[in-house]
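Below, each chain spelled out in residue letters.
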Amino acid sequence: MFGREFDEIEKNTEGIVFNIEHFHVHDGEGIRTNVFLKGCSLHCPWCCNPESIHPAPQTAHYQKLCTGCGKCVEACPEHCCSRREDGSVITDFKKCTVCGRCVSVCPAGARELFGKRMSVADVIAEVEKDAGYFINSDGGLTLSGGEACLQPEFTRELIKAAHRRYIPAVLETAAALDWERLWTAAEEADEILMDLKASSPEQFRKTGRVPLKRVTENLHGLVRAGKKITLRCPVIPGFNDNEAHIQGIADIAKDAGIERIDLLPFHQLGRHKYTAIGMDYQMTDCPEMGRQEAEVMAEVLRKQGFRVSSGG
């Protein structure tokens, strides 16, 4: 049993979670439970979790699953669900107030709510269901997003709650925010998976308004604090799948004293979510990258002394 003080903190500290996924094996050692938090400081065109970018809850409408029954049209108080002349149902996301009524009445599962306010106690109760798998695989909790550090107090208390239950906790972050919020979230983490989206200032500007310099300064700050860090680097055809980028990763890693690098080849698995939440997808014509292509780049880094995985 935990003390009353901890119980109160866990019940009263809340954040916005958009997904909890069980049995992950790529986001830290062993079997992981991944908790995804809403909100991101970057806007990468290739993002496979576009529902994570906006900090507030959102509704999604999957046209391929929609049967056109019209129950959502009847239930929506803002009339953002409507029927076309051909009988199909469409959604005006600009009118949506995220009341969730369309989600609750949809019999086909064509509507989904991304983002739910949860307490630390709520989340940890879900994570604890996998405790047996953690023990047998050296796994644990992984906090991701979006950018989990944009909810720093919630992230910090989630990690502390996990530790009170002897569950290791990994934090995934792009470190593209101010040091105070980053450190508030990261101080208690057992390991940091740090996403490095691009290795040159010019390329990095295409992911948002945060400069690469802030990211590299934060990386050095985490290293000075003694954190165990793995760099995770997406490789996007036509954007950064070149020797200059791979060498840029190596230079940044060497400068910070990082030994482990994960290369993450581009895939199209998240494209259906863009239409579902009313966002434009810019990567339709971008080819997926195979593991063999990523392995060629990984080998370049291995020859420079790094421990590298690709495709995880």
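Residues numbered from 1 in each chain as written. Predicted model: local features only at pLDDT ≥ 70, side-chain atom pairs only at ≥ 80, totals over all residues. Heavy atoms only, no water.

**Q** Help me out: how do you make sense of the pairing of strand S10 (residues 191-195) in this one?
**A** On a regular strand, each side chain points to the face opposite its neighbour's, so the side chains alternate between the two faces of the sheet. Burial within S10 is extensive, with five of its five residues counted as buried. Each parallel crossover has a hand, and the one from strand S9 (residues 169-173) via helix H7 (residues 179-186) to S10 is right-handed. Two strands pair when backbone bridges link them, and S10 and strand S11 (residues 229-235) are joined in this way by four bridges, in the parallel orientation. The residue bridging isoleucine 192 from the neighbouring strand is isoleucine 229, located in S11. (Buried < 20%, exposed > 50% of the residue type's maximum accessible area, 1.4 Å probe, protein only. Helix = DSSP H or I, 4+ residues; strand = E, 2+ residues; numbered from the N terminus. Right-handed = clockwise from strand over helix to strand, strands pointing away. Pairing = 2+ DSSP bridges.)

**Q** Please explain the sheet that holds strand S8 (residues 140-144) as it appears in this structure.
**A** What holds strands together in a sheet is hydrogen bonding between their backbones, with the strands either parallel or antiparallel. Read from one edge to the other, the open sheet built from nine strands follows the order S7-S1-S2-S8-S9-S10-S11-S12-S13, with strand pairing classed as mixed. For this open sheet the edge positions go to strand S7 (116-119) and strand S13 (307-310), each flanked by a neighbour on one side alone. Ignoring strand direction, the axes of neighbouring strands in this sheet form an average angle of 30°. In the packing of helix H6 (residues 152-164) onto the sheet, the strands contacted are strand S1 (14-24), strand S2 (32-37), S7, S8 and S9, and the crossing angle to S8 comes to about 175°. Taken strand by strand, helix H12 (residues 291-302) contacts S11, strand S12 (260-265) and S13, and its axis lies near 175° from that of S13. (Axes fitted to C-alpha atoms, helices over the stretch in contact; angles between N-to-C directions. Contact = heavy atoms within 4.5 Å.)

**Q** How do you make sense of the side chain of glutamate 157 when you look at a structure like this?
**A** Here glutamate 157 shows up in helix H6. Classification of glutamate 157 as buried rests on a relative accessible area of 10%. Apart from residues no more than four positions distant in its own chain, glutamate 157 is found in contact with Ile9, Thr13, Val120 and Arg164.

**Q** How do you make sense of the packing of helix H4 (residues 120-127) against H6 when you look at a structure like this?
**A** Any two packed helices are characterised by the angle at which their axes cross and by the distance between the axes. Packing of H4 against H6 leaves a shortest axis separation of 10 Å and a crossing angle of 45°. As summarised for this structure, H4 and H6 are arranged oblique, according to the angle between their axes. Like other packed secondary-structure pairs, H4 and H6 cross with a definite hand, here right-handed. Facing Val120, Val123 and Ile124 of H4, the residues of H6 in contact are Phe154, Glu157, Leu158, Ala161 and Ala162. For the contact of H4 with H6, the per-class residue count stands at seven nonpolar, no polar and one charged. (Parallel < 35°, antiparallel > 145°, perpendicular 65-115°, else oblique. Left-handed = near helix turned anticlockwise from the far one by under 90°. Nonpolar A, V, L, I, M, F, W, Y, C, P; charged D, E, K, R; others polar.)

**Q** Can you walk me through H7 in this structure?
**A** Note that an α-helix has 3.6 residues per turn; residues three or four places apart therefore point the same way. Three or more residues of H7 are buried, namely Leu182, Thr184, Ala185 and Ala186. Contacts made by the buried residues of H7 are with H6, S9, S10 and helix H9 (212-224).

**Q** In this structure, what is going on with the side chain of serine 52? I would like to understand it.
**A** With respect to the element layout, serine 52 can be found in the loop between S2 and strand S3 (58-61). Judged by its relative accessible area of 1%, serine 52 falls in the buried class. For serine 52, the side chain forms a polar contact with the main-chain oxygen of asparagine 49, separated by 2.6 Å. Setting aside chain neighbours within four positions, we find serine 52 in contact with Phe18, Leu37, Lys38, Gly39, Cys40, Cys47, Gly145 and Gly146. (Polar contact = N/O pair within 3.5 Å; in protein donor to acceptor, adjacent residues only side chain to side chain.)

**Q** Hey, could you run me through the environment of lysine 11 in this one?
**A** Along the chain, lysine 11 falls in helix H1 (residues 4-12). The contact partners of lysine 11, leaving out residues within four places of it in the chain, are Ser119 and Ala121.

**Q** Teacher, can you tell me more about the packing of aromatic side chains here?
**A** Aromatic rings in a pair are described by how distant their centres are and how their planes are angled relative to each other. Scanning the entire structure with this criterion turns up five aromatic pairs. A centroid spacing of 4.9 Å and a plane angle of 85° characterise the contact between phenylalanine 23 and tyrosine 133, whose relative ring orientation is edge-to-face. With phenylalanine 23 in strand S1 and tyrosine 133 in helix H5 (residues 131-137), the pair connects residues that are 110 residues apart, well separated along the chain. Of the residues examined, phenylalanine 23 reaches a relative accessible area of 45% and is grouped as partly exposed. By relative accessible area, which is 42% here, tyrosine 133 ends up partly exposed. With centroids separated by 4.6 Å and ring planes inclined at 45°, the aromatic side chains of tyrosine 274 and tyrosine 281 adopt a geometry described as tilted. In this arrangement the basic side chain of arginine 164 is found over the ring face of phenylalanine 6, its NZ or CZ atom lying 4.2 Å from the centre. (Phe/Tyr/Trp six-rings, centres within 6.5 Å; stacked < 30°, edge-to-face > 60°. Lys NZ or Arg CZ within 6 Å of the ring centre and 35° of its normal.)

Taken by themselves, the reported measurements are silent on function.
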